[in-house]
Each structure stands twice: as structure tokens, then as C-alpha cells.
Amino acid sequence: MPPSVNHIRSVTEAYLARHPHERDSLAPLFSALATSDDPTHRKTFPAHVTCSAIVVASDRRVLHIAHRASGKLLAPGGHNEPGDRDLRAAALRELHEEAGVPPSAVVPLPDYEDVPLDIDVHSIDANPWKDEPAHHHVDFRWGFHLTVEHPLTLQKEEVDGYEWRPFTSAASPTVRSKLALLL
């Protein structure tokens, strides 16, 4: 069963307790939560929830994946699946699927076991091939430390490559600033 609306709302409120100035930027999420549609379903428009794993290695580098669909270098992540019990589990599943890193090779950042490091709302262009209108992804970005060096096994269908970047040059400016406060 996918993460419930109550779970998403609870996680969001815990996040906003730390970052109250971000409430207005999460308006598309609150709109999605107010409907009867499943906010984690990839066909819920105009916005739905995705989950990513921000993986930090011991040398303060962050894992980035080259996603074929967008052509961008991003954290491993994507859409929720029906078997994901919660948002963090979705991020861990995506990390394993896209990069081959098992959940046993990472631990949550301290004090971020139940709260995402970042929540980002970004626009997705319309895709007529998938019959998708322009919409928003509300990406719950969960922070993890890599505890065991693990060879990456990339998901060839969706991933073109990977890069470990110093966290000071992580692709997301909000992730960079939040990591700088923690590490």
C-alpha cells in the first residue's frame, strides 16, 4: 500500500517545523493532498509526490545520477510504487533500483530518520508520448550517510551514468545549503 495522505501530511508538517519559511513553496503539495486522488500516483495531476535519496559518502561527496528522461544530474529517485510503505522507503527503493546501493549500505542522517532533508517542487514539461500534461513533482529528499562502500550497478533503462560531487557543488542549491549546516 502506498504512503497515505496522513503520512505525507505528517512528514510535511515535521519538515515545516524545521523550515517554516518554505510553507508557501509547498502549495502544490497541499493542493494535491486536498483532493481525493492518490498524491503518490504518477498520473495524479497537476502535482504528485516523488522521493529521492541524498547519499553522502564519508569524504563529503554526494551521489548524483544522470537520468535519461530529463538529461539532468540528480539524486537517485523517482515515483512511488504501490509496495512502498512510506516516503523514506520509496527513496531507498529508488536508490537500490537506480544505483544498486542496498538499504543496508546507508543510514539516515542524524535527526533525519523521519524527516526529509529537503522538499522541492519542480516543474515537469508536458510529455505527449506519455499523455502527460505539464505538472509538478513534489520531491521528498531523504538524507543518508553511505556506511559501506558499495559498487554502483546502474539501471541501464533509466540511468546514463553517475558522479560523486563534493556536497558544496551538489546539483540542488537547497540541498547544498542544508548539508552545509549539518556536515
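Our structure's up above, just so we're on the same page.
No experiment lies behind these values; they were computed from the predicted model shown.

## Concerning the overall build of the protein
Summing up its helical and strand segments, the protein has four helices and eight strands in all. The C-alpha radius of gyration of the protein comes to 15 Å, within 12% of the 16 Å expected for a compact globule of 183 residues. Relative to its full complement of 183 residues, the protein shows a buried share of 46%. Considering only intrachain contacts with a sequence separation of at least 6, the fraction spanning at least 24 residues in the protein is 68%.

## Looking at the packing of aromatic side chains
Enumeration according to the criterion identifies zero aromatic pairs in this entry. The residue whose ring lies beneath Arg18 is Tyr112, and the NZ or CZ to ring-centre distance is 4.5 Å.

## Details of helix α3 (residues 87-99)
A rise of 1.5 Å per residue sets the reference length of α3, with its 13 residues, at 18 Å; its end C-alpha atoms lie 18 Å apart and thus fit the reference within 8%. α3 sits mainly inside the fold: 10 of its 13 residues count as buried. Among all positions in α3, only Leu87, Ala89, Ala90, Ala91, Leu92, Arg93, Glu94, Leu95, Glu98 and Ala99 are buried. The N-cap residue of α3 is Asp86: its side-chain oxygen and the backbone nitrogen of Arg88 are 3.3 Å apart. Backbone geometry just after α3 places Gly100 at a positive phi near 75°.

## Let's talk about the side chain of His79
Locating His79 in the fold gives a position in strand β4 (residues 77-79). One polar contact links His79 to His137, side chain to side chain, over a distance of 3.4 Å. Not counting chain neighbours up to four residues away, the residues in contact with His79 comprise Arg42, His48, Thr50, Arg93, Glu94 and His137.

## Observations regarding the environment of Pro102
One can find Pro102 in the loop between α3 and β5 (106-108). Apart from residues lying up to four places away in sequence, Pro102 is in contact with His96 and His150.

Rules and cut-offs
- Residues numbered from 1 in each chain as written.
- Predicted model: local features only at pLDDT ≥ 70, side-chain atom pairs only at ≥ 80, totals over all residues.
- Heavy atoms only, no water.
- Helix = DSSP H or I, 4+ residues; strand = E, 2+ residues; numbered from the N terminus.
- Rg over C-alpha atoms; globule rule 2.2 N^0.38 Å.
- Buried < 20%, exposed > 50% of the residue type's maximum accessible area, 1.4 Å probe, protein only.
- Contact = heavy atoms within 4.5 Å.
- Phe/Tyr/Trp six-rings, centres within 6.5 Å; stacked < 30°, edge-to-face > 60°.
- Lys NZ or Arg CZ within 6 Å of the ring centre and 35° of its normal.
- Expected span 1.5 Å × (residues − 1).
- Polar contact = N/O pair within 3.5 Å; in protein donor to acceptor, adjacent residues only side chain to side chain.

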